[in-house]
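A closer look at the structure
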Amino acid sequence: MEENFKALEFIEGKLRLIDQRLLPGKLEYVTCSTAGEVTEAIRSMIVRGAPAIGGAAGYGVYLALLEAGDDITLFNKLSAELRKARPTAVNLMWAVDRVMETAQSSGYDKDKVLSEADAIVREDREMNHRLSKIGISVIRKGSRILTHCNAGALATCGWGTALGVIKEAHLSGLGIHVYADETRPLLQGARLTAWELTRAGIPSTLIPDSAAASLIRSGKIDCIILGADRITANGDIANKLGTFMLSVIAKEYGVPFYSAAPTSTIDFSMKEGKNIPIEERDPDEVRKPGGVLMAPADIDVYNPAFDVTPHQNITGIITEKGIIYPPFDMNIERIRNGETL
Ligand code: MRU
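Everything in this summary refers to the structure shown in the same document. (Residues numbered from 1 in each chain as written. Predicted model: local features only at pLDDT ≥ 70, side-chain atom pairs only at ≥ 80, totals over all residues. Heavy atoms only, no water.)

**Some remarks on the sheet that holds strand β2 (residues 14–18)**
An order of β1-β2-β3 is seen for the three strands of this open sheet, with the pairing classed as antiparallel. The outermost strands of the open sheet, each flanked by one partner alone, are β1 (8–11) and β3 (29–32). Taking the axes of each pair of neighbouring strands and ignoring which way they run, one obtains an average angle of 25° across the sheet. Bridge count for β2 against β3 is four bridges, and the pairing is antiparallel. Bridge pairing in β3 places leucine 15 opposite cysteine 32. Its contacts with the sheet place helix α1 (residues 35–43) against β2 and β3, and it is angled at close to 140° to β3. (Pairing = 2+ DSSP bridges. Helix = DSSP H or I, 4+ residues; strand = E, 2+ residues; numbered from the N terminus. Axes fitted to C-alpha atoms, helices over the stretch in contact; angles between N-to-C directions. Contact = heavy atoms within 4.5 Å.)

Here you go:
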């Protein structure tokens with residue numbers, strides 16, 4: 001089963017993206033025909049979500065090659081700009097490096113480069129379906145599941161990670177109910193996850209982020225499932241701001257806390273979460289939600305887009321290669337060595 005929308009699609013030599021800034025009000029598309037346009041689409045969050053920006057960037061590298069022709073210096077420069085469009089989600093760097101390697105090893109063969117970008121998208125969808133099927137084993141019948149941000153089809157190359165598990169549970173007749181955090185300041189939960197949940201007909205309730213703590217304490221949440229932007233070798237995860245806070249509350253009240261992500265989100269080379277670069281975004285995202293001034297125009301703002309959850313607060317990480325449980329460092333190393341768990 002697939003969604004009837006695609007966050008990204010490469011059609012007739014151009015990358016077509018859903019403009020996620022306009023959802024849920026408008027379903028409109030933006031077309032990128034240069035690497036620079038893809039970089040800007042990632043930066044401005046027309047496309048967002050770790051696997052989706054990786055998928056988009058793969059095509060960005062292809063477009064960079066078309067633009068640069070024989071000018072390898074220009075190709076490298078355009079690709080490097082793509083690679084640093086956003087700093088936290090490792091899927092972006094992973095995808096750019098993967099397609100650049102294909103470019104180099106194939107003697108800059110355009111067809112091979114395009115096939116590699118296509119493979120990233122195809123494999124991401126497959127990994128998401130696989131991890132979703134694996135992930136439903138942690139969900140009991142009638143579970144009330146809390147999720148944060150958007151880790152659905154919009155955030156990936158198709159189907160979704162955390163929301164993929166949730167959709168799979170719904171389709172399997174587990175009779176779940178989803179609580180979606182609105183996810184300030186950009187409201188990915190309210191605008192995107194709620195949109196996906198209602199389209200899929202999944203019973204769900206939208207909550208202000210700060211309602212999660214009392215819901216958890218009152219025993220109304222059976223488990224938390226959310227995505228990840230980067231998983232380090234020790235099992236720490238960076239994910240949307242607010243994830244860490246949820247993990248602390250979940251631990252306090254004994255609620256299972258899962259992250260779902262494809263193994264392309266694991267940064268095997270980074271030892272621990274404190275090394276993950278955390279993106280800080282425009283203060284006006286906080287001062288002016290939806291473009292309306294809601295705070296003094298000159299107030300100082302701290303607006304990190306992500307936070308890091310230590311592995312001690314995580315019950316398990318659901319991947320297409322199985323569920324990673326503690327000891328996370330040993331089990332992540334097993335995945336690195338090609339094992340399935
Ligand atoms: O800033 P965003 O919207 O790109 O942040 C997205 C998230 O934090 C998601 O939870 C994460 O990328 C997982 S997406 C499958």
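Resuming the write-up.
**A look at the sheet that holds strand β11 (residues 266–267)**
Ordered by their spatial adjacency, four strands build an open sheet running β11-β8-β9-β12, and the pairing between neighbours is mixed. Here the strands that pair on one side only, and so sit at the sheet edges, are β11 and β12 (306–309). Bridge analysis of strand β8 (residues 230–232) against β11 gives two bridges, and the strand direction is parallel. Across the sheet, residue isoleucine 231 finds its bridge partner in β11, namely isoleucine 266. Along the sheet, helix α9 (residues 243–253) makes contact with β9 (237–240) and β12, crossing β12 at roughly 35°.

**Observations regarding the pattern of salt bridges**
Overall, the coordinates contain 20 salt bridges when judged by the stated rule. Salt-bridge contacts for arginine 281 lead to glutamate 279; the nearest nitrogen and oxygen are separated by 2.7 Å. Assessed through its relative accessible area of 17%, arginine 281 is described here as buried. Within this structure, Arg86, Glu279, Arg281 and Glu285 form a network of salt bridges that share partners. (Salt bridge = Lys/Arg side-chain N within 4 Å of Asp/Glu carboxyl O. Buried < 20%, exposed > 50% of the residue type's maximum accessible area, 1.4 Å probe, protein only.)

**Quick look at the packing of aromatic side chains**
In this structure the tally under the stated criterion is four aromatic pairs. An angle of 5° between the planes, with centres 4.5 Å apart, marks the rings of phenylalanine 10 and tyrosine 59 as stacked. With phenylalanine 10 in strand β1 and tyrosine 59 in helix α2 (residues 50–68), this residue pair connects regions lying 49 residues apart in the sequence. With a relative accessible area of 18%, phenylalanine 10 lands in the buried category. (Phe/Tyr/Trp six-rings, centres within 6.5 Å; stacked < 30°, edge-to-face > 60°.)

**Some points on α1**
Those residues of α1 that fall on the buried side of the exposure criterion are Ala35, Val38, Thr39, Ala41 and Ile42. Axial view of α1: buried residues confined to an arc of 165°, hence all on one face. Elements that come into contact with the buried residues of α1 comprise β2, β3, α2, α3 (72–83) and α4 (90–105). In the stretch just after α1, methionine 45 is the one whose phi turns positive, near 65°. (Arc of directions from axis to C-beta.)

**Quick word on the site of the ligand**
Neighbouring residues of the ligand: 19 residues in total, closest Arg48, Arg86, Asp229, Asn239 and Lys240. A distance of 2.9 Å separates an oxygen atom of the ligand from a polar backbone atom of alanine 50. Coverage of the ligand by the protein chains reaches 99% of its 410 Å² of free accessible surface. For the shell around the ligand, the elements supplying multiple residues, two or more each, are α2 and β9. Here the residues of the shell around the ligand are counted per class, giving eight nonpolar, seven polar and four charged. (Near = heavy atom within 4 Å. Polar contact = N/O pair within 3.5 Å; in protein donor to acceptor, adjacent residues only side chain to side chain. Areas by Shrake-Rupley, 256 points an atom, 1.4 Å probe, with all protein chains shown as cover. Nonpolar A, V, L, I, M, F, W, Y, C, P; charged D, E, K, R; others polar.)

**Focus on the packing of α3 against α4**
Each pair of packed helices can be described by the angle between their axes along with the distance between the axes. For the pair α3 and α4, the least separation of the axes is 9 Å and the interaxial angle reads 160°. Relative to α4, the element α3 is oriented roughly antiparallel. Crossing hand, α3 versus α4: right-handed. The residues of α4 that touch α3, namely those facing Phe75, Asn76, Ser79, Leu82 and Arg83, are Leu92, Met93, Val96, Asp97, Met100, Ala103 and Gln104. (Parallel < 35°, antiparallel > 145°, perpendicular 65-115°, else oblique. Left-handed = near helix turned anticlockwise from the far one by under 90°.)

**Some points on α4**
In this model α4 runs 22 Å from its N-terminal to its C-terminal C-alpha over 16 residues, within 8% of the 22 Å that 1.5 Å per residue would give. On its buried face, α4 is in contact with α1, α2, α3, α5 (110–135), β8 and β11. Two residues or fewer past α4, glycine 107 is found with a positive phi of approximately 70°. (Expected span 1.5 Å × (residues − 1).)

None of the figures reported here should be taken as evidence of function without further support.
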